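Here's the letter readout for the chains.
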Amino acid sequence: SSEGLTIVEIDDGSTDSLEEVRNWAASSGVPYPLYYDDNGRMCAAYCIHSFPYVLLVGRDGKVVWELRGWLGESGTTKMEDQIRKALSRK
């Protein structure tokens with residue numbers, strides 16, 4: 001985006017079928033790219049074993065924050081704070 005924020009979701013293919021993921025994305029109105037990692041090969045290549053796994057990558061391409069597993073509202077608050085910090089960096 002013009003602010004420097006891009007959201008991408010990857011489903012590891014271990015629980016939901018491609019059709020289920022497509023239906024969920026369509027019914028939820030997901031406004032960002034959602035990739036289906038058939039057989040979890042990409043997740044295995046990047047050693048992603050817990051879900052959700054959130055990476056915040058800065059404008060310079062370096063990971064500035066990560067979250068493994070879901071922390072409910074506190075996780076959402078932490079993520080929002082980190083996004084604000086990353087967007088404020090020039």
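So, a few notes on the structure that sits alongside this text.

Conventions used here
Once a new chain begins, its residue numbering starts again from 1 and follows that chain's sequence as written. Thresholds applied to this predicted model are a pLDDT of at least 70 for local features of residues and 80 or more for the giving and counting of side-chain atom pairs; totals over whole chains, interfaces and linings are not thresholded and use all residues. In computing side-chain properties, one takes all heavy atoms of the structure into account and sets aside hydrogens as well as water. We call two strands paired when DSSP finds no fewer than two bridges between them. The helix and strand labels rest on DSSP assignments: H or I over at least four residues marks a helix, E over at least two residues marks a strand, and numbering proceeds from the N terminus. In the sections that follow, a salt bridge refers to a side-chain nitrogen of Lys or Arg positioned within 4 Å of a carboxyl oxygen of Asp or Glu. Think of it in three bands: residues with accessible area under 20% of the maximum for their type are buried, residues over 50% are exposed, and the middle band is partly exposed, with areas taken using a 1.4 Å probe on protein chains only. Here, patches come from residues exposed beyond 30% relative accessible area and free of salt bridges, joined within 9 Å for like charges and within 5 Å for nonpolar side chains (Val, Leu, Ile, Met, Phe, Trp, Tyr). Shrake-Rupley sampling with a 1.4 Å probe provides the accessible areas, and residues are treated as covered by the protein chains on show and by no other component. Between the first and last residue of a helix there are one fewer steps than residues, each counted as 1.5 Å, and that sum is the expected span. Each direction from the helix axis to a C-beta atom contributes to the arc, which is the arc of those directions. Whether two residues touch is decided by their heavy atoms; if any such pair falls within 4.5 Å, the residues are in contact. The pocket and cavity definitions rest on a 1 Å grid over protein atoms only: a 1.4 Å probe that fits but cannot leave marks a cavity, an open set with protein on both sides within 12 Å along at least five of seven lines marks a pocket, and residues lining either have an atom within 4 Å of a point. Grid points are joined across faces, edges and corners, and a volume is the space filled by probe spheres set on the points. Only Asp, Glu, Lys and Arg are considered charged, only Ala, Val, Leu, Ile, Met, Phe, Trp, Tyr, Cys and Pro nonpolar, and every remaining residue, Gly among them, polar.

Turning next to the pairing of strand β3 (residues 53-57). Bridge analysis of β3 against strand β4 (residues 63-68) gives five bridges, and the strand direction is antiparallel. Residue pairing for β4: valine 54 is matched across the bridge by leucine 67. The turn linking β3 back onto β4 is made up of five residues, and glycine 61 within it adopts a positive phi angle of 90 degrees.

So, about the pattern of salt bridges. This structure, assessed with the given rule, holds three salt bridges. Across the pair arginine 68 and glutamate 66 runs a salt bridge, and its minimum N-O distance is 3.2 Å. For arginine 84, the salt bridge goes to aspartate 81, with nearest N and O atoms at 3.4 Å. Here arginine 84 pairs with aspartate 81, and both are found in helix α3 (residues 72-88), just three residues apart, close to one helical turn. Note on arginine 84: relative accessible area 52%, which makes it exposed.

Our next topic: a nonpolar patch on the surface. Taken together, the side chains of Val8, Ile10, Tyr35, Met42 and Tyr46 define a hydrophobic patch exposed on the protein surface, amounting to about 500 Å² of accessible area. Within the secondary structure layout, methionine 42 lies in helix α2 (residues 41-45).

Before going further, it helps to spend a moment on α3. For α3, with 17 residues, the first-to-last C-alpha span of 25 Å sits near the 24 Å given by 1.5 Å per residue. Those residues of α3 not exposed but buried are Gly75, Gln82 and Ala86. Mapping the buried residues of α3 onto a view down its axis gives an arc of 40 degrees, with all of them on the same face. Along α3, exposed side chains directed more than 90 degrees from the buried face belong to Glu73, Arg84 and Ser88. Buried residues along α3 sit in contact with β3 and β4.

The next point concerns the layout of surface pockets. Here the largest pocket is characterised by a volume of approximately 1,200 Å³. In terms of lining, the largest pocket is formed by 35 residues, of which the most central are Val8, Tyr53, Val54, Leu55 and Leu56. Those elements that place two or more of their residues in the lining of the largest pocket are β1 (9-11), α2, β3 and α3. Residues belonging to the lining of the largest pocket are distributed by class as follows: 22 nonpolar, four polar and nine charged.

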